[in-house]
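Coordinates in review
Here are the chains, one letter per residue:
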Amino acid sequence: MKKFISIFIPVFLILAFVFSYIQPFVKTSESISDEVFRLHIIANSDSEDDQKLKLLVRDRVLEEGRGIFENCDSLEDIILKCRDNLDILTKAAEECVSENGYDYDVNAYIDKEYFNTREYESITLPSGIYNALKIEIGEAKGHNWWCVMFPAICLYSVSETELNEILTEEEVELINSNNKYEIRFKVVEIYEKIKDKIS
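Just so it is clear, the structure is predicted and the values come from calculations on it, not from any experiment.

What follows is about the overall build of the protein. Tallying secondary structure elements over the protein gives 7 helices and 6 strands in all. Each helix and strand of the protein, ordered N terminal to C terminal, gives the series α-β-α-α-α-β-β-β-β-β-α-α-α. Taken over 199 residues, the protein has a buried fraction of 42%. Across the protein, the fraction of contacts at a sequence separation of at least 24, relative to all contacts at a separation of at least 6, is 73%. Entry remark: accessible area of the protein is about 11500 Å², with carbon and sulfur atoms responsible for 52%.

Take the pattern of salt bridges next. All told, the structure shown has 5 salt bridges when counted by the stated rule. Asp59 is the salt-bridge partner of Arg58, the closest N and O atoms lying 2.9 Å from each other. Here Glu99 ties to Arg60 by a salt bridge, and the two come within 2.5 Å at their closest N and O atoms. Of this pair, Glu99 sits in helix 4 (residues 86-99) while Arg60 sits in helix 2 (residues 48-68), placing them 39 residues apart in sequence.

Looking now at the packing of aromatic side chains. Any two aromatic rings considered together are summarised by their centre-to-centre distance and by the angle between their planes. Summed over the entire model, instances satisfying the criterion amount to 2 aromatic pairs. For the ring pair Tyr102 and Tyr104, a centre distance of 5.2 Å and an interplane angle of 25° mean the geometry is stacked. Lying across the ring of Phe115, Arg38 places its NZ or CZ 3.7 Å from the centre. Lying over the aromatic face of Trp145, Arg58 brings its terminal NZ or CZ to 5.1 Å of the ring centre.

What follows is about helix 3 (residues 75-84). Buried within helix 3 we find Leu75, Ile78, Ile79 and Cys82. With its buried residues spanning 100° around the axis, helix 3 presents them on a single face. Away from its buried face by more than 90 degrees, helix 3 exposes Glu76 and Asp84.

Its 21 residues place the ends of helix 2 31 Å apart at the C-alpha level, agreeing with the 30 Å of an ideal helix rising 1.5 Å per residue. For helix 2, the complete set of buried residues consists of Asp50, Gln51, Leu53, Lys54, Val57, Val61, Leu62, Gly65 and Ile68. Structurally, helix 2 contributes buried residues whose contacts are with strand 1 (37-42), helix 3, helix 4, strand 5 (128-137) and strand 6 (144-150).

This part is about the side chain of Gln51. Secondary-structure assignment places Gln51 in helix 2. Its relative accessible area of 18% is what places Gln51 among the buried residues. Those residues in contact with Gln51 that sit more than four places away from it in its chain are Ala43, Ser45, Asp46, Gly142 and His143.

For the rest of this paragraph, the subject is the sheet that holds strand 5. Within a beta sheet, neighbouring strands are joined by backbone hydrogen bonds and run either parallel or antiparallel to one another. Across the sheet, 4 strands lie side by side as 2-5-1-6; this open sheet has mixed pairing. Unpaired on one side and paired on the other, strand 2 (106-115) and strand 6 mark the two borders of the sheet. Neighbour-to-neighbour, the strand axes of this sheet turn through a mean angle of 25°, independent of strand direction. For strand 1 and strand 6, the ladder comprises 6 bridges, and the chain directions are antiparallel.

Moving on, we get to the environment of Cys72. One can find Cys72 in the loop between helix 2 and helix 3. By relative accessible area, Cys72 is classed as buried at 13%. Along the sequence, Cys72 and Ala152 sit 80 residues apart, while their C-alpha atoms lie 8.8 Å from each other. Cys72 has contacts with Asp77, Ile78, Lys81 and Phe150, leaving out every residue within four places of it along the chain.

This part takes up the packing of helix 2 against helix 4. When two helices pack together, their arrangement is captured by the angle between the axes and the distance separating the axes. With their axes 9 Å apart at the nearest point, helix 2 and helix 4 run at an angle of 145° to one another. The hand of the helix 2/helix 4 crossing is right-handed. Residue-level contacts link Leu53, Leu56, Val57, Arg60, Val61, Glu64, Gly65 and Ile68 of helix 2 to Ile88, Leu89, Ala92, Ala93, Glu95, Cys96, Val97 and Glu99 of helix 4. The class makeup of the residues in the contact of helix 2 with helix 4 is 11 nonpolar, 1 polar and 4 charged.

What counts and how
- Residues numbered from 1 in each chain as written.
- Predicted model: local features only at pLDDT ≥ 70, side-chain atom pairs only at ≥ 80, totals over all residues.
- Heavy atoms only, no water.
- Helix = DSSP H or I, 4+ residues; strand = E, 2+ residues; numbered from the N terminus.
- Buried < 20%, exposed > 50% of the residue type's maximum accessible area, 1.4 Å probe, protein only.
- Contact = heavy atoms within 4.5 Å.
- Areas by Shrake-Rupley, 256 points an atom, 1.4 Å probe, with all protein chains shown as cover.
- Salt bridge = Lys/Arg side-chain N within 4 Å of Asp/Glu carboxyl O.
- Phe/Tyr/Trp six-rings, centres within 6.5 Å; stacked < 30°, edge-to-face > 60°.
- Lys NZ or Arg CZ within 6 Å of the ring centre and 35° of its normal.
- Arc of directions from axis to C-beta.
- Expected span 1.5 Å × (residues − 1).
- Pairing = 2+ DSSP bridges.
- Axes fitted to C-alpha atoms, helices over the stretch in contact; angles between N-to-C directions.
- Left-handed = near helix turned anticlockwise from the far one by under 90°.
- Nonpolar A, V, L, I, M, F, W, Y, C, P; charged D, E, K, R; others polar.

What follows is the structure, given as structure tokens:
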């Protein structure tokens, strides 16, 4: 028992110190996941043709989405417009699949799902549970592609000013960190995975 206590207390103190150190970072990361809307497209398989098809579907859905989501100024707004236009976005993806000679089913829906830390162009999004438009092509067993639809990074060229209107200064600094916080991103990822499993 004494041996257990002598091991447990130092480990507990170390974990408590680490968590207190990264707690502000965790809070900022969770704020980002609560304010961002993602597009998540999953290919039928990892074959070269299926991966190419995934990118063609991406282009078609983004093209269709530019007109639909043009004036969205909040997460709630883009989710509502996405729900109202889900049939249009699904049809665009289905037409793209058919035009390229495939008969895969397309399943599109709005979901809250866990994402690991990921880089998209010049930004890094921390791990967490995000709202997303999810598009599954065929068996959806291939590698996926994702981007940020709100703020509209993958729809338009979003300026720093526009980002600052949606995200806080700390959140903008974090997503533009260029892996400056790589270790802390990893700790947050572990924390979010544990939290996701518990919930």
